[in-house]
Structures are given as structure tokens and as C-alpha cells.
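Tertiary structure, described
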Amino acid sequence: MNQPSRAATETSQDRRTDQFRSTRAVAWIFLLGAFAVFILVVLVLPGRIATALGSITVNTNLRAEPIEGTVLLKDPNEVAWKQLRDPIPVMPGSRIGTDSGSRAFLELFDGSTIYLYNNSEILIERSARGWLDDEVKQLRLRLHRGRAVLGVASTEDESQRIFSLAANQGWMEFVEGSYLVELLPDERTEVLVRRGEVYLFNGSDLANVGIGGRGGYAANLAPRGDLSPMSPLLNDPHLTDLASASPWRPFVVTEAGIDGQTTKSSFYVDSPGASSSERDSAYRFRRIGNGNEQVNRHGEAGISQTINRDIRDYSALGMRARVRVNYQSLSGGGSAGTEYPVMIKIYYVDGAGQDQIWYHGFYHQNTDGFSVAGASLVPTYQWVTYENPDLIHAIYPLPVFIRHVEVLGSGWEFDSYVTEVSLEGR
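For the structure given in this document, a descriptive report is provided here. This one's a predicted model, so the numbers in the text were calculated from it and none came from an experiment.

Parameters and conventions
- Residues numbered from 1 in each chain as written.
- Predicted model: local features only at pLDDT ≥ 70, side-chain atom pairs only at ≥ 80, totals over all residues.
- Heavy atoms only, no water.
- Helix = DSSP H or I, 4+ residues; strand = E, 2+ residues; numbered from the N terminus.
- Buried < 20%, exposed > 50% of the residue type's maximum accessible area, 1.4 Å probe, protein only.
- Contact = heavy atoms within 4.5 Å.
- Areas by Shrake-Rupley, 256 points an atom, 1.4 Å probe, with all protein chains shown as cover.
- Patch = residues over 30% accessible without salt bridge, like charges linked within 9 Å, V, L, I, M, F, W, Y side chains within 5 Å.
- Salt bridge = Lys/Arg side-chain N within 4 Å of Asp/Glu carboxyl O.
- Pairing = 2+ DSSP bridges.
- Axes fitted to C-alpha atoms, helices over the stretch in contact; angles between N-to-C directions.
- Polar contact = N/O pair within 3.5 Å; in protein donor to acceptor, adjacent residues only side chain to side chain.
- Phe/Tyr/Trp six-rings, centres within 6.5 Å; stacked < 30°, edge-to-face > 60°.
- Lys NZ or Arg CZ within 6 Å of the ring centre and 35° of its normal.

**A closer look at the overall build of the protein chain**
Looking only at helices and strands, one finds one helix and 31 strands in the protein chain. Here the protein chain holds 426 residues, and 44% of them are scored as buried. The contacts in the protein chain between residues at least 6 apart in sequence include a share of 61% that link residues at least 24 apart. Of the roughly 21,900 Å² of accessible surface on the protein chain, 51% is carried by carbon and sulfur atoms.

**Here we look at a nonpolar patch on the surface**
Among the surface-exposed residues, Ile56, Val58, Trp131 and Leu132 lie close enough to one another that they form a single nonpolar patch of about 380 Å² accessible area. By the secondary structure assignment, Leu132 is in the loop between strand S9 (121–130) and strand S10 (137–145). A relative accessible area of 55% means that Leu132 is categorised as exposed.

**Topic: the environment of Val384**
Inspection of the secondary structure puts Val384 in strand S29 (residues 384–388). In this structure Val384 touches Ala321, Arg322, Val323, Val378 and Pro379, once residues within four positions along its chain are discounted.

**Brief notes about the pattern of salt bridges**
The tally for this structure, following the rule as stated, stands at 23 salt bridges. Between Glu182 and Arg309 there is a salt bridge whose closest N-O contact spans 2.5 Å. One end of the pair, Glu182, is in strand S14 (residues 177–183); the other, Arg309, is in strand S24 (residues 299–310), with 127 residues separating them in the sequence. Residue classification places Glu182 among the buried residues on the basis of a relative accessible area of 8%. Connected via shared salt-bridge partners are Arg147, Glu182, Arg194, Arg309 and Asp313.

**Details of the sheet that holds strand S2 (residues 62–68)**
Each strand in a sheet pairs with its neighbour through backbone hydrogen bonds, running either in the same direction (parallel) or in the opposite one (antiparallel). In space, the nine strands of this open sheet follow the order S5-S2-S7-S8-S11-S14-S15-S18-S19, with antiparallel pairing throughout. The open sheet has two edge strands with one neighbour each: strand S5 (88–90) and strand S19 (221–227). Within the sheet, the average angular offset between the axes of one strand and its neighbour, ignoring direction, is 20°. Examined bridge by bridge, strand S8 (residues 113–116) and strand S11 (residues 147–152) share four bridges and lie antiparallel to one another. Residue pairing in the sheet places Tyr115 in a bridge with Val149 of S11.

**Some points on the sheet that holds strand S26 (residues 342–350)**
Read across the sheet, six strands follow the order S21-S24-S30-S26-S27-S28 without closing on themselves; strand pairing throughout is mixed. The sheet is open, and its two edges are formed by strand S21 (249–254) and strand S28 (375–377), each paired on a single side. For this sheet, the mean inter-axis angle between neighbouring strands, taken without regard to orientation, is 20°. Alignment of S21 against S24, held across six bridges, turns out to be antiparallel. When the bridges of S24 are listed, Thr254 appears paired with Gly299.

**Describing the side chain of Thr262**
For Thr262, the location among the structural elements is in strand S22 (residues 261–268). Classification of Thr262 by relative accessible area gives buried; the value is 17%. A polar contact is formed between the side chain of Thr262 and the backbone oxygen of Phe251, at a distance of 3.4 Å. A distance of 3.0 Å separates a polar side-chain atom of Thr262 from the backbone nitrogen of Gly302. Excluding residues within four positions of it along the chain, Thr262 makes contact with Pro250, Phe251, Val252, Tyr283, Arg284, Phe285, Ala301, Gly302 and Ile303.

**A few points about the packing of aromatic side chains**
Summed over the entire model, instances satisfying the criterion amount to seven aromatic pairs. On the basis of an interplanar angle of 5° and a centroid distance of 4.8 Å, the ring pair of Trp171 and Phe201 is categorised as stacked. With Trp171 in strand S13 (residues 170–174) and Phe201 in strand S16 (residues 198–202), this residue pair connects regions lying 30 residues apart in the sequence. Overall, the relative accessible area of 18% leaves Phe201 in the buried class. Ring-pair connections join several aromatic residues into one group, and the members of that group are Phe163, Phe174 and Tyr179. Here the basic side chain of Arg147 rests over the ring of Tyr117, its NZ or CZ set 4.2 Å away from the ring centre.

**Some remarks on the pairing of strand S25 (residues 317–328)**
For S25, a buried count of ten out of twelve residues is recorded, marking the element as mostly surrounded by other parts of the structure. By the bridge criterion, eleven bridges tie S25 to strand S31 (residues 414–425) in an arrangement that is antiparallel. Note on S31: the bridge partner recorded for Arg320 is Ser422. Pairing of S25 with S29, which is carried by five bridges, proceeds in the antiparallel orientation. In the strand pairing of S29, Ala321 is matched with Tyr386.

**Considering the pairing of S2**
Examined bridge by bridge, S2 and S5 share three bridges and lie antiparallel to one another. Among the inter-strand pairings, Arg63 is bridged to a residue of S5, identified as Pro89. Across five bridges, S2 lies against strand S7 (residues 103–107) in antiparallel orientation. For Ala64, the partnering residue across the bridge sits in S7 and is Leu106.

**Brief notes about the environment of Pro250**
The residue Pro250 is located in strand S21 in this model. It is 9.0 Å that separates the C-alpha atoms of Pro250 and Gln261, two residues lying eleven residues apart in sequence.

**Description of the side chain of Asn202**
Take Asn202: it is sitting in strand S16. There is a polar contact of 2.8 Å between the side chain of Asn202 and the backbone oxygen of Ala218. Not counting chain neighbours up to four residues away, the residues in contact with Asn202 comprise Gln169, Gly170, Tyr217, Ala218, Ala219, Leu221 and Pro223.

Purely spatial values, then, with no claim about function.
Rendered as C-alpha cells:
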């Protein structure tokens, strides 16, 4: 009787011992787990908290001032535009706009600058700095029209700064440097890198442009970073567009007598390597008497293209044209030296705000010995290429704004052609 009772007692004690050991093991597990959590919190949480706090940003104003003319400002909480008369702080979400005779200057909180040209509009979508970390800088702009020069200031940590500009369908991201950004009338977006580097994004495509380069994108064209450094100022330089869709507009001016004619034409290419069936497009300028009436009064026939481009910061301007003179009755450029069977005219505004005209003529005879200082002697019935890569220094007074370009025949009787005319700047 005593032996079973003793066995039962020992079994019960063993059970209590096992439970105690199990409870102690669980306690140690919880204790070690809590310690591990504590160590994890001590090591990780401060960094996470610091990261979270470091990512907090606060909106920061910028400074805007008019340079000339009527500059308009629209605050984000207002529906109407108001005139920007003096340098003032401007809050994020504001728009700044210029007309044909005004320009503006903006200074961002990080020291970056924006020079806004005429006929331009920019939106400051975001302007924020880090709440605790001054190296966190977020600047997002949107150019709605026109052109602007961006001066992106230096920063100690480029990885913590976002400086982007959206234009049309894509956007750009900049590092420290100087950039000219422009929205063109045909909805192309271009950037010229004077110093620094920019990345272009359009859809899923990417391109980058380094110092001295020019890049761009369009609605249906992927970004390119290898565009020519010279930007074209004239559309359809080879005159290939149909007359109804061409940016070139024909015109005729008659002082007295018969009218001249401006007609679209084509001819077989005479350049080396061209096939026998290849043809070039051209415009013909013709004013020939009918035998019953003497033509001895001024008349013009030509084509014109509107540019309306501010070029005050251009360091280079180049022109190329291919022309042909078949006939002229008036010697040289006429008594005033301003009437030629083929002429190229640039209508522009100088630095004093005065309208000016630069021209270059082409003639094949000057039997009366008139002044031909602004022209070139060319053979008849032959295509001649005119090139002036340094036009910016040939035009006086210096142009700051180009209104439009004309190519025309001028004088008494004339018969001439033009097949190419390009104007490029940088």
C-alpha cells in the first residue's frame, strides 16, 4: 500500500517540476524576446524616426520682381491676375506671366534663379525645404509657354534636392548649372545646357544632355540629347510644305504698273550625287512687262514668315540661303541700293526698342554703277549658296527681338528663285 502511494507522490512532484521548468523556459523566452525588441527599437527606431522627420517639408516662398513692362501674378488662392509692380515674396502655387514687352526675374529659396522672357508663363508647383534637414529641397516648376533661363544653385547633397520643370507632355530634372528652356509653337520642348547636366523624360523614354549640348522632345517623339547646338528660328527652311500648310506667306506690293507674281515651283536638283528625277521645291518671284507698258516703278513679290523671337542672349546667329537670278532690268540695287531681284530681309527690334531692317541682296548686273554695299554679285541662271555663320556681328544695331523674315524680288522687272532659307541661333 505504501509503495503505490509513494510512486504517485513522486509522479506528482515530477509533474510540478516539469511545469515549473516549462514556465521558467517560457519566461526566459519572453524576457529574451523583449530584450531583443528593446535592442531593435534602440538601434532602428531612432533612425526611422529621424528619416520620417527628415522627410517632412515646409512650403517656402520665393521672390519675384519685374524687369520691364507689365508682369502679371496670380496667387494660388485667387482667380484673377494682378500686376507685379515691385519685388515681393511669392508663395508656391503662384503663376507669373509676361507679355510681348515684359520680363521677370525670380529667386528661389535655395539661391536658384529664373529669368522669364517675354510672352512666357511659369507655375511654381512646389517650393519646399526640409523641416529639420536644410539639405532637403524640392522645387517643381511648370512652363506653360515661352522661354526661361534657369540658374540652378549649388548644393552640398544633390541626392536630396529635386529640381524639375514640366513642359508640354514631359519634364526635365536639373543639377547645378545654367539652362535655357523653350516651348516652341509646334509644341516641341527644347533645352540648351550652358553649364551642368539635365535629364529629359517623356513617357517611358529618357535622355540626358551635358554641357554645351541641346536636347528636346515632342508629343510623339522620344527625348533626344544630341540635337544641333544651333536652334532653328525658321520653319520649313527647304520650302517643301504645301502652300496651304506652309509657314511662308506669299505677298505682292506694287507702287505702280503691273503686279509681280509669287508662285510655288520645283526644279531638278543640280547638286552632285542627285538623281536625275530628284526635284527641289522653290518659290519664284517674277515681274515682267507685257511689251505694251514700260515697267519703271517699284514693285515686290516674295514670301514672309513670322518669328517673334527674343534673341537678346544669343551669342551666335547664322543664315543660309540658295537663290538664283535669271533677269533684272534695274541696275544693281537701284539708286538707293535697296532693290534687288532677290533679297533677304530681317525685321527686328534693337536694344533701344526701335524697329530696324537688315537686308542682303543678290544681283547680276550694275551697268549704272549704283551702290551695292549690301549685296552679292551672282551669275545668271545659276544656283548660288549664301552663308553667313556670324550674322549676329553683321547686323547693326544689334537685334534683341526678331519679328519676321522676308525673301523677295524687288525693283522694276525681275525673275528669280529661292529654294532654301534657314536662320539659326544659339
